[in-house]
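Each chain, written out:
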Amino acid sequence: AARARSMISEFAPWGLSNTAWSFAKLEVCDVPLREAISTEALRKISACGGQEIANTAWAFATVAFVDMPLLDAISEAARRQCADLGPQNIANTAWAFAKILVCDEPLLTALADAASPSLG
């Protein structure tokens with residue numbers, strides 16, 4: 001975790017989301033790493049694709065790390081890309097916000113609208 005923290009500014013958006021996902025999946029609780037990922041993700045959120053957005057949201061929700069500035073940025077980015085997120089990223093993003101009890105109605109409405117065609 002310390003090595004990742006020291007290099008975090010060099011990570012591309014996919015590297016940030018994969019690092020967040022990996023440490024969450026392994027149940028590693030390293031608050032300084034989470035804070036570093038959050039800070040860097042805020043800087044690079046506009047370059048994130050749907051999977052990076054969903055994976056980052058999932059990772060932070062999995063470890064119950066609520067960072068409202070990051071969640072607001074994730075919400076905005078996800079709403080901009082809703083039509084291209086795909087079912088899995090829509091579900092993961094919605095799950096993440098529900099898991100940490102953040103009710104973001106504009107995001108949930110956009111995700112529901114984007115998911116509707118898939119439901120037939």
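Nothing here was measured: the structure is a model prediction, and the numbers come from that model.

This part covers the nonpolar core. In terms of nonpolar packing, the biggest core is built from 36 residues, with Ile-8 and Ile-74 touching the most fellow members. Only helix H2 (13-25), helix H3 (31-44), helix H4 (50-62), helix H5 (68-99) and helix H6 (105-119) provide two or more residues apiece to this core. No other element matches H5, which puts eleven residues into this core. Once you skip the residues sitting within four places of it in the chain, Ile-74 turns out to touch Ile-45, Ile-53, Thr-56, Ala-57 and Phe-97.

Applying the stated criterion to the full structure yields four salt bridges. When the shortest N-O distance is used, the salt bridge between Arg-43 and Glu-40 registers 2.7 Å. Of this pair, Arg-43 and Glu-40 both sit in helix H3, three residues apart, roughly one helical turn. Residue Glu-76 is joined to Arg-80 by a salt bridge in which the shortest nitrogen-to-oxygen separation is 3.2 Å.

In this section: the side chain of Lys-44. Summarising the element assignment, Lys-44 is placed in helix H3. From its side chain, Lys-44 meets the backbone oxygen of Ser-9 in a polar contact 3.1 Å long. When residues no more than four places from it in sequence are discounted, the contact partners of Lys-44 are Ile-8, Ser-9, Glu-10, Phe-11, Ala-12, Pro-13 and Leu-16.

Rules and cut-offs
Every chain begins its residue count from 1, and numbering advances along the sequence as written. Reporting of local features is limited, given that this is a predicted model, to residues whose pLDDT is at least 70; pairs of side-chain atoms are given and counted only at 80 or more, and all residues count toward the totals for whole chains, interfaces and linings. Side-chain descriptors were evaluated using all non-hydrogen atoms of the structure, hydrogens and water having been removed beforehand. Residue types Ala, Val, Leu, Ile, Met, Phe, Trp, Tyr and Cys, when buried and joined through side-chain atoms within 4.5 Å, form a set referred to as a nonpolar core. For every residue, the accessible area obtained with a 1.4 Å probe (protein chains only) is divided by the maximum for its type, and the residue is called buried under 20%, exposed over 50%, and partly exposed between those limits. Numbering of helices and strands starts at the N terminus; helices are DSSP runs of H or I of at least 4 residues and strands are runs of E of at least 2. Here, two residues are considered to be in contact whenever any of their heavy atoms come within 4.5 Å of each other. A pair is scored as a salt bridge if a Lys or Arg side-chain nitrogen falls within 4 Å of a carboxyl oxygen belonging to Asp or Glu. Pairing of N or O atoms within 3.5 Å defines a polar contact, subject to two protein rules: one partner must be a possible hydrogen donor and the other a possible acceptor, and residues neighboring in sequence count only if both atoms are side-chain atoms.

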